Amino acid sequence: NNNNNNNNNNNNNCELEFKKITSTAASQNQKNKNKLLKGIKFCTKISQAQLCKIENCKFSHDFEEFFAQKLPDISVKCPAAKDNNICAQGLSCRCGCAIIVLTLLRENKLSDSTNKENQLSHQSCNQSTIKQFHFLKSAYFLKNNTGWTKRNPISMQKFKESEIIIEESLKEAKLKISEKKKIDWRNKIYLAPLTTIGNLPFRRVCKKFGVDITCGEMALATQLLYGNRGEWALLKKHASEDLFGVQIAGGYEDAMISCAELIDQKLNVDFIDINAGCPINLICSKGAGNAMMDKFKKTAHIVKSMNNVISVPLTFKTRVGLDENAPILHNYIPEIKTWQISALTLHGRSRTQRYSKKANWE
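An account of the accompanying structure is given in this report. Worth saying up front: this structure is predicted, and the values here are computed from it rather than measured.

### Comments concerning the overall build of the protein
Thinking step 1. Each helix and strand in the protein was counted, giving 16 helices and 7 strands.
Thinking step 2. A buried classification covers 40% of the 362 residues belonging to the protein.
Thinking step 3. Within the protein, contacts between residues separated by at least 24 positions form 66% of all contacts whose residues are at least 6 apart in sequence.

### Some words on the packing of aromatic side chains
Thinking step 1. The final tally for this structure, using the stated rule, is 10 aromatic pairs.
Thinking step 2. Seen from their ring centres, phenylalanine 296 and tyrosine 332 are 4.0 Å apart, and the 10° between their planes marks the pair as stacked. Of the two residues, phenylalanine 296 is situated in helix α15 (residues 296–309) and tyrosine 332 in helix α16 (residues 329–337); the sequence distance between them amounts to 36 residues.
Thinking step 3. A residue is classified by how much of its surface remains accessible, and phenylalanine 296, at 12% relative accessible area, is buried.
Thinking step 4. On the basis of relative accessibility, which here comes to 23%, the residue tyrosine 332 falls in the partly exposed class.
Thinking step 5. Among the aromatic residues, those joined into a cluster by ring pairs are Phe296, Phe316, Tyr332 and Trp339.
Thinking step 6. Here arginine 319 stacks its cationic end above the ring of tyrosine 355, 5.2 Å away from the centre of that ring.

### With respect to the packing of helix α13 (residues 253–266) against α15
Thinking step 1. Running from N to C, α13 and α15 cross one another at 20°; their axes reach a closest spacing of 9 Å. Judged by the inter-axis angle, α13 sits roughly parallel to α15. The way α13 lies across α15 gives a crossing that is right-handed. Where α13 approaches α15, its residues Glu253, Met256, Ile257, Ala260, Glu261 and Asp264 are matched on the opposing element by Lys298, His301, Ile302, Ser305, Met306 and Val309.
Thinking step 2. Counted by class, the contact of α13 with α15 contains 6 nonpolar, 2 polar and 4 charged residues.

### Here we look at the pairing of strand β5 (residues 271–276)
Thinking step 1. Buried residues dominate β5, accounting for 6 of its 6 residues.
Thinking step 2. The alternating pattern of β5 places Phe271, Asp273 and Asn275 and Ile272, Ile274 and Ala276 on opposite faces, both of which are buried.
Thinking step 3. Here 4 bridges tie strand β4 (residues 244–249) to β5, and the two strands are oriented parallel to one another. Across the sheet, the residue bridging to isoleucine 248 is isoleucine 274, located in β5.
Thinking step 4. Each parallel crossover has a hand, and the one from β4 via α13 to β5 is right-handed.
Thinking step 5. In this sheet, strand β6 (residues 314–319) lies alongside β5 in parallel orientation, the contact comprising 5 bridges.

### Let's talk about the pairing of β4
Thinking step 1. For β4, a buried count of 6 out of 6 residues is recorded, marking the element as mostly surrounded by other parts of the structure.
Thinking step 2. Burial along β4 is two-sided: the face carrying Phe244, Val246 and Ile248 and the face carrying Gly245, Gln247 and Ala249 are both buried.
Thinking step 3. One ladder, built from 5 bridges, connects strand β2 (residues 214–220) with β4; its direction is parallel. Within β4, the residue paired with methionine 218 across the bridge is glutamine 247.

### Thoughts on helix α8 (residues 153–161)
Thinking step 1. Along α8, the residues classified as buried are Ser155, Met156 and Phe159. Around the axis of α8, the buried residues are gathered within 95° of arc, so they sit on the same side. Among the exposed residues of α8, those oriented more than 90 degrees off its buried face are Pro153 and Glu161.

### What to know about the packing of α15 against α16
Thinking step 1. Relative orientation of the contacting elements α15 and α16 amounts to 30°, with a least axis distance of 11 Å. The orientation of α15 relative to α16 falls into the category roughly parallel. Crossing handedness for the pair α15 and α16: right-handed. Residues Phe296, Ala300 and Lys304 of α15 form the contact with α16, whose participating residues are Tyr332, Glu335 and Ile336.
Thinking step 2. Each residue belonging to the contact of α15 with α16 can be placed in one class, and the counts come to 4 nonpolar, no polar and 2 charged.

### Quick word on the nonpolar core
Thinking step 1. Ile263, Ile272 and Met306 are the most contacted members of the largest nonpolar core, which has 49 residues in total.
Thinking step 2. Element by element, the count of residues in this core is highest for α13, at 7 residues.
Thinking step 3. Look past the residues within four positions of isoleucine 272 in its chain and what remains in contact with it is Val246, Ile248, Ala260, Ile263, Ile310, Val312, Pro313, Leu314 and Thr315.
Thinking step 4. Counting 12 residues, the second-largest nonpolar core is a separate cluster that includes Cys43, Phe63, Leu91 and Ala98.

### Quick word on α13
Thinking step 1. For α13, which comprises 14 residues, the first-to-last C-alpha distance of 20 Å matches the rise-based estimate of 20 Å (1.5 Å per residue) to within 8%.
Thinking step 2. Burial within α13 is extensive, with 11 of its 14 residues counted as buried.
Thinking step 3. Taken together, the buried positions of α13 are Asp254, Ala255, Met256, Ile257, Ser258, Cys259, Ala260, Glu261, Leu262, Ile263 and Asp264.

### Topic: a nonpolar patch on the surface
Thinking step 1. Together, Leu194, Ile197 and Phe202 make up a nonpolar patch on the protein surface, roughly 230 Å² of accessible area in all.
Thinking step 2. Taking the relative accessible area as the measure of exposure, phenylalanine 202 reaches 30% and is therefore partly exposed.

### Some details on the environment of isoleucine 272
Thinking step 1. By secondary structure assignment, the location of isoleucine 272 is in strand β5.
Thinking step 2. Its relative accessible area of 0% is what places isoleucine 272 among the buried residues.
Thinking step 3. Between the alpha carbons of isoleucine 272 and leucine 314 there is a distance of 5.1 Å; along the sequence they are 42 residues apart.

What counts, and at which threshold
Residues numbered from 1 in each chain as written. Predicted model: local features only at pLDDT ≥ 70, side-chain atom pairs only at ≥ 80, totals over all residues. Heavy atoms only, no water. Helix = DSSP H or I, 4+ residues; strand = E, 2+ residues; numbered from the N terminus. Buried < 20%, exposed > 50% of the residue type's maximum accessible area, 1.4 Å probe, protein only. Contact = heavy atoms within 4.5 Å. Phe/Tyr/Trp six-rings, centres within 6.5 Å; stacked < 30°, edge-to-face > 60°. Lys NZ or Arg CZ within 6 Å of the ring centre and 35° of its normal. Axes fitted to C-alpha atoms, helices over the stretch in contact; angles between N-to-C directions. Parallel < 35°, antiparallel > 145°, perpendicular 65-115°, else oblique. Left-handed = near helix turned anticlockwise from the far one by under 90°. Nonpolar A, V, L, I, M, F, W, Y, C, P; charged D, E, K, R; others polar. Pairing = 2+ DSSP bridges. Right-handed = clockwise from strand over helix to strand, strands pointing away. Arc of directions from axis to C-beta. Core = buried A, V, L, I, M, F, W, Y, C linked by side-chain atoms within 4.5 Å. Expected span 1.5 Å × (residues − 1). Patch = residues over 30% accessible without salt bridge, like charges linked within 9 Å, V, L, I, M, F, W, Y side chains within 5 Å. Areas by Shrake-Rupley, 256 points an atom, 1.4 Å probe, with all protein chains shown as cover. Salt bridge = Lys/Arg side-chain N within 4 Å of Asp/Glu carboxyl O.

Pasting the structure below:
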């Protein structure tokens, strides 16, 4: 028995030693591979013969050096080639695509095939840059809001320098709300904004299936003003989205009005939608989403002010009320008509019904 135990121990030790040697050899091989790969870190955009819009890109743009070290092709025709006979591997492809990409690069025929709009650089959408933005129209409606005036001293100074001119222009703007670019909503398919689902790729697919109007995912006004890049990414659009709007949510009048003016000046959108229908507690606890209907007078001021600081149509989305047994929205319809918004979207559920309960379309 003792001999058998010793033999088993020896075998176990041998197995452990073998695994250790194998693991060491594998890690050494991986290190060698990494050393080879780290020779040239090539830009993926240039590899696809596309424009690289990243300032001070940390990857190499020397395509001649990269092509010189590339392994030879194994085929002439690439089975994965799509646009311009180029596959996703681009200059790294070993089935004929690299030659096509190299020719385009040598002729400086770089394309911008992303077809994405509303892409702001990190410098143009960070908080320090946004603070330098002159919210002159917003200042007119928020000049009595002490919190906003302290956070935006530059805007207030510029506003005071030309207060009379701005007031006159806003008086004219009030008269011209009805003259804004109008959207014909009739007989069109409107893809409702869907948080976490209605992203840009999803909307592109829906456009191919006949959707007429698209809208970005809900973005928080405060986060946009803080320069949150993830939040600004929700406002991107594709070139195929010919009638596109963005949706913002917030419970603070200064944030909503300022954000509307900023979007109107910075982005290419066809309309701005106010989300007053989100039932999520995290949103409603801050006075945003469907909680906006709890303070209707404040909401009316926000909507009317936003409508005056933007040059595109404004829309409003809400629910029937807090509880399905006591709908209240119909009481507010006459007042909402005076807001001169372009469209009102009604979610046929109450806040407590959220998304899963049966909707009331009557």
